[in-house]
Amino acid sequence: MSEVLEKYTHAAAPLPRTMLRWHLYGAGLENMGRMGAPEVVEVPRCGNNELLVRQDACGLCFSDTKVIGLGEKHPRLTGRQLAVDPVTLGHEVSCTVVEVGEELAGRYHAGDRFIIQADVFYKGQSMAYGYAMPGGLAQYSVIGVPILEGDEGCYLLPLKESTGYVESALVEPWACVVSAYAQQHRKGCRAGGAMLVIMGLQAEEALPQLQALLENALPAVGCLVSLAAAEHNAAYALAGMSQAALPSDWKEFQQNNAPGGFDDILVLGSVPPEVVEGAAQTLADHGICNLAAAHPFGRALQLDIGRIHYNWHHYLGAASKQLKDAYAADGAELQQGGAAWFIGAGGPMGQMHVQRAVQLQKAPRLIVATDVDAVRLQSVVDRFGATARSRGIELVAINPAAMTPQEFDAQLNRLSEGRGFDDIVSLVPVASLIEHAAHYLAKNGKFNIFAGVARGTMAGLPVDGILQNGHRYLGSSGSSLADMQETLRRVESGELSTNASLAAIGGMDAAKEGLAAVKEGRFTGKTLIFPQIPDLPLLTLAQLSEAYPTVYAKLRDGMFWTQEAEKELLSLKLGEEEAV
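I will try to describe carefully the structure that is included in this document. This structure is a prediction, so every number in the text was calculated from the model and none was measured.

Helix and strand content of the protein chain: 21 helices and 26 strands. The C-alpha extent of the protein chain, read off along each of the three principal axes, is 85 × 55 × 40 Å. Relative to its full complement of 580 residues, the protein chain shows a buried share of 58%. Taking as baseline every contact in the protein chain between residues at least 6 positions apart, the subset at least 24 positions apart corresponds to 77%. Counting only carbon and sulfur atoms, one obtains 50% of the accessible surface of the protein chain, whose full area is about 23,000 Å². Positive and negative side-chain charges in the protein chain, numbering 45 and 64 respectively, have mean positions lying 2 Å apart.

This is how it looks when you write it as structure tokens:
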């Protein structure tokens, strides 16, 4: 290790008086920074119960571009006047402690390294890092009490000295991928929660099922809406629920009965599809709509797929028509030996999903990657084709734009042998693509809506497949502290290479261009900024061959980032800074 890198690693250099910081003053990339550049500001000092950290690496996320696009209209910035209270973006960070407040002496030391779980909650309030609190697009930041003593404990995750800056910064986006497959729903109705039961015609046969569920978990609030009240007098006594007429306004019904939404909605018997569409609007966060005991609807249901993603809604059923079996069918992991289809596989997050799938210990036998960008799609094959072949996995890349819709459908049917896909993962927020793909779910198949579809986006989902074939629709957004811890464990144990996700790097001055590139989908993988290297231009890893050949020489196979490449880059660029 060079002397300059040794000094940097252990935070031994004196603190500068000023630093660079990017501020967002309103919606639009033109409102980022001043005159198109980061601002020069004084390095902040930490208080007695705070830490001052140096930002070593900051990944750029598509979520950052949503903040830029919406400005003050972004849900996490509601009520904030950016013109006078700007935000510093950047939540995929790797940082080093450079100054410790007096009250924290002994617990933390200069040179300690961390990553940050961005979804910070303090006293019940969301204070997300890189949103409510200043993020990684500043060379130095203060870490205060909300992060150090948050509702879930400390949101700093310590790093081993041997862990690289890039690979640790990319733990955060990878944790979202890990979370998508680790999620689980309840095994039954929520005890003490709010339940809505909708009884249609011919629902009597399902009453014993309802009774069995309630014996195990009694809700605090129970509403039973009957479409044939005279036939269901026994149901009210059996369930111990309040009787309600079919609402004309479902939102008003929710406000009057379960303001936070219904944790469980059970549909029994023959119910008109428009009734279920209305009731689905009242699902609570992590709510379950159990359709196992419903009769076929005869058409697709228009459901809010944005809330499946952001609010963790689950739509469940079972071929057995048993409510308990629908709850029992759990897990989001890819089916071992099954067929998996990744829609939008060529983007940064899509490539992470494909990488995870080909490296999974209990992997699918077939992975279909689709994307309308030929260059990005080819990079999936170039990056992960060899690994797939070595493990006996068939990896097939298809560009729907290069063929007719009929030819595309024929390809999907041929590859899945006419039975459909056990797992479909949507990585693009396009309702029409989700609607199309839903018809290709195999028996007991899962549809994971991973892409950030806006709340209020409706899609026609063929839910009769839920009733007859046990299909499940689920989604996830972000990651938990536990997900971050598990992902970091995999990285530091060598099970997962987050470095393989990196496609482009730049210095602090290039952050604005990097965010534009993320929005445009310019690169096949992740874009990352080194805040301590101001003048590093935005470069793909391939472009390093001419710009920094000694760094390029240390890439793996000329395309994958390594710690050796990182050390070489930092030694070169930090040495230039020190010489100046």
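The structure having been displayed, the exposition proceeds.
Turning our eyes to something else, we now look at the packing of helix α2 (residues 62–70) against helix α18 (residues 511–520). Relative orientation of the contacting elements α2 and α18 amounts to 100°, with a least axis distance of 9 Å. By the angle between their directions, the pair α2 and α18 is classed as roughly perpendicular. Where α2 approaches α18, its residues F62, D64, T65 and I68 are matched on the opposing element by L515, V518 and K519. The class makeup of the residues in the contact of α2 with α18 is 4 nonpolar, 1 polar and 2 charged.

Throughout the structure, instances matching the rule amount to 9 aromatic pairs. With centroids separated by 5.9 Å and ring planes inclined at 25°, the aromatic side chains of F253 and F262 adopt a geometry described as stacked. Taking relative accessible area as the criterion, F253 reaches 9% and is therefore assigned buried. Residue classification places F262 among the buried positions, given a relative accessible area of 0%. Taken together, a centroid distance of 6.1 Å and an interplanar angle of 85° make the contact between W341 and Y440 edge-to-face. Taken together, the residues W341 in strand β17 (residues 339–343) and Y440 in the loop between α15 (431–438) and β21 (441–449) connect sequence positions 99 residues apart. When sorted by exposure, W341 lands in the same class as Y440, which is buried. Grouping aromatic residues by their ring pairs yields a cluster made of W341, F408, F421 and Y440. In this structure, R34 is placed above the aromatic ring of Y25, and the distance from its NZ or CZ to the ring centre is 3.7 Å. Between R76 and the ring centre of Y131, over which it is positioned, the NZ or CZ distance is 4.8 Å.

Taken N-terminus to C-terminus, the directions of helix α5 (residues 171–182) and helix α17 (residues 481–493) make an angle of 110°; their axes are 8 Å apart at the nearest point. For the element pair α5 / α17, the angle class is roughly perpendicular. α17 is crossed by α5, and the crossing has right-handed handedness. For the pair α5 and α17, the contacting residues are V171, E172, W174, A175, V178, S179 and A182 in the first and D483, M484, T487, L488, R490 and V491 in the second. In terms of residue class, the contact of α5 with α17 is built from 8 nonpolar, 2 polar and 3 charged.

Position of H185 among the secondary structure elements: in the loop between α5 and β10 (194–199). Overall, H185 belongs to the buried group, its relative accessible area being 8%. For H185, the side chain forms a polar contact with the main-chain oxygen of A329, separated by 2.9 Å. If near-sequence neighbours (up to four positions away) are discounted, H185 is found in contact with I288, H314, L316, A326, Y327, A329, D330 and R472.

Summarising burial for strand β24 (residues 502–507): 6 of the 6 residues are buried, a large majority. As defined by bridge partners, β24 adjoins strand β25 (residues 526–530) across 5 bridges and the pair is classed as parallel. Opposite L502, over in β25, you have K526 as the bridge partner. Where β24 lies against strand β26 (residues 539–540), 2 bridges are found, and the strand directions are antiparallel. By the bridge assignment for β26, A504 is matched with T540.

Time to look at the pattern of salt bridges. On inspection of all chains with the given rule, the structure shows 21 salt bridges. One salt bridge connects D422 with R419, and the closest N-O pair in it is separated by 2.9 Å. Among the residues examined, D422 registers a relative accessible area of 9% and is labelled buried. The salt bridge partner of R522 is E513, with a shortest N-O separation of 3.6 Å. Owing to a relative accessible area of 41%, E513 belongs among the partly exposed residues under this scheme. One connected set of salt bridges, linked through shared partners, spans E486, R489, R490 and E495.

The next point concerns the nonpolar core. L137, I143, L156 and F342 are the most contacted members of the largest nonpolar core, which totals 75 residues. Per element, the largest residue contribution to this core is 7 residues, and it comes from α5. With residues up to four places along the chain from it excluded, the contact list for I143 reads E50, L51, V53, I116, Y129, L148 and L156. The next biggest cluster of nonpolar side chains, apart from the first, holds 55 residues, and it includes A280, C289, I434 and A438.

Glancing now at the environment of K519. Looking at the secondary structure, you find K519 in helix α18. Taking the C-alpha atoms as reference points, K519 and S63, separated by 456 residues in sequence, lie 9.4 Å from one another.

Let us now look at helix α6 (residues 207–216). The set of residues buried in α6 consists of L207, Q209, L210, L213 and L214. Seen end-on, α6 carries its buried residues on one side only, within an arc spanning 155°. Relative to its buried face, α6 has exposed residues pointing more than 90 degrees away, namely P208, E215 and N216.

Right, let's talk about the environment of A437 for a bit. You can see A437 is positioned in helix α15. Residue A437 is classed as buried on the basis of its relative accessible area, which comes to 0%. Sequence separation between A437 and G269 is 168 residues; the distance between their C-alpha atoms is 28 Å. Sequence-distant contacts of A437, that is, excluding residues within four places in its chain, are made with W341, I343, I424 and F447.

This next bit is on the state of the cysteines. Taken as a whole and judged by the stated rule, the model has 0 disulfides. C176 supplies the cysteine sulfur nearest to C61, a cysteine that is in no disulfide, at a spacing of 7.2 Å. According to the relative accessible area criterion, C61 is buried, its value standing at 14%. Considering cysteine sulfurs only, C154 is the nearest to C95, which forms no disulfide, with 10 Å between them.

Definitions and limits used
- Residues numbered from 1 in each chain as written.
- Predicted model: local features only at pLDDT ≥ 70, side-chain atom pairs only at ≥ 80, totals over all residues.
- Heavy atoms only, no water.
- Helix = DSSP H or I, 4+ residues; strand = E, 2+ residues; numbered from the N terminus.
- Buried < 20%, exposed > 50% of the residue type's maximum accessible area, 1.4 Å probe, protein only.
- Contact = heavy atoms within 4.5 Å.
- Areas by Shrake-Rupley, 256 points an atom, 1.4 Å probe, with all protein chains shown as cover.
- Lys, Arg positive; Asp, Glu negative; His and termini not counted.
- Charge placed at Lys NZ, Arg CZ, Asp CG, Glu CD.
- Axes fitted to C-alpha atoms, helices over the stretch in contact; angles between N-to-C directions.
- Parallel < 35°, antiparallel > 145°, perpendicular 65-115°, else oblique.
- Nonpolar A, V, L, I, M, F, W, Y, C, P; charged D, E, K, R; others polar.
- Phe/Tyr/Trp six-rings, centres within 6.5 Å; stacked < 30°, edge-to-face > 60°.
- Lys NZ or Arg CZ within 6 Å of the ring centre and 35° of its normal.
- Left-handed = near helix turned anticlockwise from the far one by under 90°.
- Polar contact = N/O pair within 3.5 Å; in protein donor to acceptor, adjacent residues only side chain to side chain.
- Pairing = 2+ DSSP bridges.
- Salt bridge = Lys/Arg side-chain N within 4 Å of Asp/Glu carboxyl O.
- Core = buried A, V, L, I, M, F, W, Y, C linked by side-chain atoms within 4.5 Å.
- Arc of directions from axis to C-beta.
- Disulfide = S-S within 2.5 Å.

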